Amino acid sequence: MPFACLFVPDFSVQAVVRVEPQLRNKPVGIFYGTPPLTKVFAVNHAARQLGVEAGMTKVQAEAFCGIEWRWRSFSEEVTAHAALLDCMWTISPRVQDAEKQNKDDLADTVVVDLTGCEKLFGSPEKIATDLARIASNVGFDAHVAVAEIFLAAQCAAQGFPGITVIPGGQESARIGALPLESLRIPAEFLETLKRWGIQTYGEFAALPEISIVERFGQEGRRWQQIAQGKDLKPLIALDFPDQFEECMEIESPVELLEPLLFIVNRLLDQLCTRLRMHILAIGEVRVTLTLERNDSRTNLGSNSQSNSQNKAPLLHIRTIRLPVPAKEGKFLLKLLQLDLEAHPPTSPVTAISIVAIPAKTHSRQLGLFLPLSPDPERLEITLARIQSTVGEGRVGSPELLNTHRPNAFQQTRFAQPDAARNINREEKNAKAALRIYRPPLAANVELREGKPARLTCEGASRPILALAGPWRTKGDWWSETGWARDEWDVEMRVLRTKRHAGSVETNAEETALYRIYKDQFAKRWFVEGIYD
Amino acid sequence: MASIAATFEKLKNGEVGRGMRGFRGHVAAELQPSGVAELDAVLGGGFPRGSLVELCGPATSGRTGLAFSLLAQATSRQEACAFVDVSDSLDPVSLAAAGVDLPRLLWVRCGKTPGKRPAAESSFFDSPEEKEHTQKFLQQADGKKIQGQFWTHPRDQIRGVEKVIPSLLRVKPEGRESARIHVVKKRIEKKQTETKQEILRRHTSSRSNNLPGTEFFQTAGMRDRMAPAKPWKRLEQALKTTDLLLHGGGWGVIVVDLADISWVDARRINLSVWFRFRRELENTKTILLLLGEESCAKSCASLVLRCERREESWSRAARDAASGASTLQGFSVQGEVMRSRSQSQPSDCARWQTQTMNR
């Protein structure tokens, strides 16, 4: 039962470099700790060659020139670990985090069970090479090891650089040559073993078990079993995530949209790459912007409760649900740009988190005789652009509400209906359309024998030439939103006179059909619209 | 001589022109039935696809009903259509009564100026948890807003300057003004006020003599409404929206409703806009339908149809003698071809009957 292990050296550094690709070939160091106890937490190989080591104080470390310094970001490490798991899930669903010896250990190692994968992906060497390539696509420079024993694969990945494949039965021989430091033994154990002259895994594994228990207790015995490559626990597979997240903390708050979009673009690219590995697309994107807080208000506040409330992060969350799952980051970036332009955060941004809800990729068979319809992805961008032009809530499909209330409709999101959906259009006669005035024009109506005889509206007075009505409607009388009105269809001279260049001209001949109504509650007349 | 003869032959056959397709290509354009059999018979099958069509006419001339009929035809073919509503006057009930498949219609309502909306307002995409977060944020926000640089283009920052500068120039310390100037200023103001009152009296007498409820006109809202509102912002939005829709492609019919816009204002739209639209429409199956009082796209329109309501159709109103109530059943419309590049000739007419929806 072979196992493959993926280990990312200098994980904290690589988690940062992954979202900042410009740091890839530069010496990078990570600070951690509150001042004045800030120390170097991790450095990459290039920085190590310059002489910087983990554990140095900030003052010592900053004496070295040419090194890019970043602060440790737990959120970036969490997303980097999730990306690492994604790499393994491309091979097999039986993936587990490596055994953590200490609770402070980094989640830089993941193990996958390769049982039954040879027929699908080839030999262990090929699988190891593929894993290294996939990890490289996600932004990791990882070590890969394949061995028959779980812990042997883990130790080999952490101890040997590059790709290591250990044939069955040679685990002890190969791992035994590794120095004890790569086993991540607690410092007090390591010091004692060094005093005994024990330098490698093999030497530690060869010590008598009873003597180890006498001197180190059960903890020492556990470490020896690890050094011997003995499996302690069965593999417990992790669940496949239902959402994918990428986040980044920004050291200096971003105030402008353009630099913010650069960061969003990087994160979206990472998300799309991860989803593509699972042949998935993005169905919904949720962007959470952590905003900078002004502490002045906190200082002014006298109440301790309000102070504790103010310490909560200020978040600006935007969610975009896509009718068609998207695979391209550029398309999502444009949508997010338009959305953020319409809904800008009111403070500078200090951190970004993008959560993608995956959806199955949309496959569509095109044909020569399909009806004309816009491209779904371009349509979304077009709708977002139109919305930014005309305002929110003014773009969509009209939908009639299930009520007799006049003008009861709502605008819903425009999404192309299924092509199979067909409507029967039986009536062939043209219908007279009503053009609505929004809001209705208030009017003054002179009645004769209970019927409208003259209408005054917008400063114009018109005799009513012909009329039809009344059409009385009433509804919702049991609630506060009830309505009752008498509708009349009237013919009269046009209310809004035709305007010629530089003058207003009234055409005495031109008449039009209007719909007017009397609101029975308000006891007022209105012109609702004009037939056309 | 031979080359001249060849060129002459090409000119004669209409093979010279953009794309070397010439005028002939337009003649053979695919036609979309309008849904009115009488009109389709005159137009040789319907409206030409991939072209700009104008429906013009006065109020209550049946142009909107005809546009709805065309939309109903297109949506029944499962095509996606768009309605750019410049004056926000579309009635969805009439649309549904005309047989338009509403989910296939994109309705763009122009007129509202999109501003920076407070984050706590309801949103198209907002979920309850977002609202909660944004509410919380607004409560806690300390007013540290990024002024003028977060998401705003410098061009937008100068908006409103023309209103601010005169007020800045006008505000002067009163002590510096001499008494003489002050008196002169007062006189001028008084004169101006009198002139305004005179205009107002004249206006009232000309408009509302012998009318009940004259005080109704004294409200500020009515005075605002009486002032002719400039439709430039709405027109700009409509044209930009149309441009975006045409660029996106894939639409069966795009209706741009300029019916409530004065033709004087509509004709102020630069002709190059219509040329650009026509260029974008070429080699597509989209019909760009313009509704308006008068034709404004000039030669860019492949078909200009003028609609008129025939008066004798009003007599169809049925009168119920017993109750004294009556109903409007419809009116007849006459469509006249004013300009056409297809089979129909100018002055060809069709007459059809429209029906009001059953209430």
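Use the structure listed above.
Below is a short write-up of the structure. (Residues numbered from 1 in each chain as written. Chains lettered and ligands numbered in written order. Predicted model: local features only at pLDDT ≥ 70, side-chain atom pairs only at ≥ 80, totals over all residues. Heavy atoms only, no water.)

Now for the packing of helix 15 (residues 329-342) of chain A against helix 16 (residues 376-390) of chain A. Residues and elements named next belong to chain A. Where helix 15 contacts helix 16, the two axes come as close as 10 Å, and the packing angle between them is 15°. Overall, the two elements helix 15 and helix 16 adopt an arrangement that is roughly parallel. The handedness of the crossing between helix 15 and helix 16 comes out as left-handed. Contacts between helix 15 and helix 16 involve F331, K334, L335 and L338 on the former and, on the latter, E377, E380, I381, A384, R385 and S388. Partitioning the contact of helix 15 with helix 16 into residue classes produces 5 nonpolar, 1 polar and 4 charged. (Axes fitted to C-alpha atoms, helices over the stretch in contact; angles between N-to-C directions. Helix = DSSP H or I, 4+ residues; strand = E, 2+ residues; numbered from the N terminus. Parallel < 35°, antiparallel > 145°, perpendicular 65-115°, else oblique. Left-handed = near helix turned anticlockwise from the far one by under 90°. Contact = heavy atoms within 4.5 Å. Nonpolar A, V, L, I, M, F, W, Y, C, P; charged D, E, K, R; others polar.)

Turning our attention to the sheet that holds strand 9 (residues 244-254) of chain A. All names here are of chain A. Taking strand neighbours across the sheet as the criterion, the 4 strands line up as 9-12-10-11 in an open arrangement whose pairing is antiparallel. Taken across any chain shown, the strands that pair with only one partner, and hence form the sheet edges, are strand 9 and strand 11 (314-326). Averaged over all pairs of adjacent strands, the angle between their axes in this sheet comes to 15°, without regard to strand direction. Direction of pairing for strand 9 relative to strand 12 (residues 349-360): antiparallel, over a ladder of 7 bridges. Following the sheet pairing, V254 is matched in strand 12 by V349. Running over the sheet, helix 15 touches strand 10 (280-291) and strand 11 and is turned about 135° from strand 11. (Pairing = 2+ DSSP bridges.)

This part takes up the nonpolar core. The biggest cluster of nonpolar side chains holds 47 residues, and the ones touching the most others in it are L39(B), F47(B), L66(B), L71(B) and W352(B). Among all residues touching W352(B), those that are not within four sequence positions of it are A430(A), V36(B), E38(B), L39(B), L66(B), C307(B), F331(B), S332(B), V333(B), Q334(B) and G335(B). In terms of nonpolar packing, the next biggest core, distinct from the first, is built from 39 residues, L245(B), I254(B), A266(B) and C296(B) among them. (Core = buried A, V, L, I, M, F, W, Y, C linked by side-chain atoms within 4.5 Å. Buried < 20%, exposed > 50% of the residue type's maximum accessible area, 1.4 Å probe, protein only.)

Take the environment of D101(B) next. All names here are of chain B. In this fold, D101 is placed in the loop between helix 5 (92-97) and strand 5 (105-109). Judged by its relative accessible area of 4%, D101 is buried. The spacing of D101 and V84 is 17 residues in sequence and 16 Å in space, taken between C-alpha atoms.

Next up on the list: unusual backbone geometry. Most peptide bonds are trans, and most residues other than glycine sit at a negative phi. Residues and elements named next belong to chain A. Omega for the bond connecting P35 with P36 falls within 30 degrees of zero, at 5°, which places this linkage in the cis form. Tracing the backbone through its elements, the reader meets P36 in the loop between strand 2 (28-32) and strand 3 (39-43). Omega for the bond connecting R438 with P439 falls within 30 degrees of zero, at -5°, which places this linkage in the cis form. You will see that D476, though not glycine, has its phi angle at about 50°, which is positive. Considering the arrangement of structural elements, one finds D476 in the loop between strand 18 (460-475) and strand 19 (483-493).

On to the sheet that holds strand 18 of chain A. The strand order 16-17-18-19-22-23 (chain A) describes a closed barrel built from 6 strands, whose pairing is antiparallel. Neighbour-to-neighbour, the strand axes of this sheet turn through a mean angle of 45°, independent of strand direction.

What follows is about the packing of helix 9 (residues 187-196) of chain A against helix 11 (residues 209-228) of chain A. All names here are of chain A. Put simply, helix 9 and helix 11 touch, their axes get as near as 12 Å, and they point 125° apart. Judged by the angle between their axes, helix 9 and helix 11 are oblique. When the axes of helix 9 and helix 11 are compared, the crossing they make is left-handed. Seen from helix 9, the contacting residues are F189, T192, L193 and W196; seen from helix 11, they are I212, R215, F216, E219, G220 and W223. Of the residues that constitute the contact of helix 9 with helix 11, the class distribution is 6 nonpolar, 2 polar and 2 charged.

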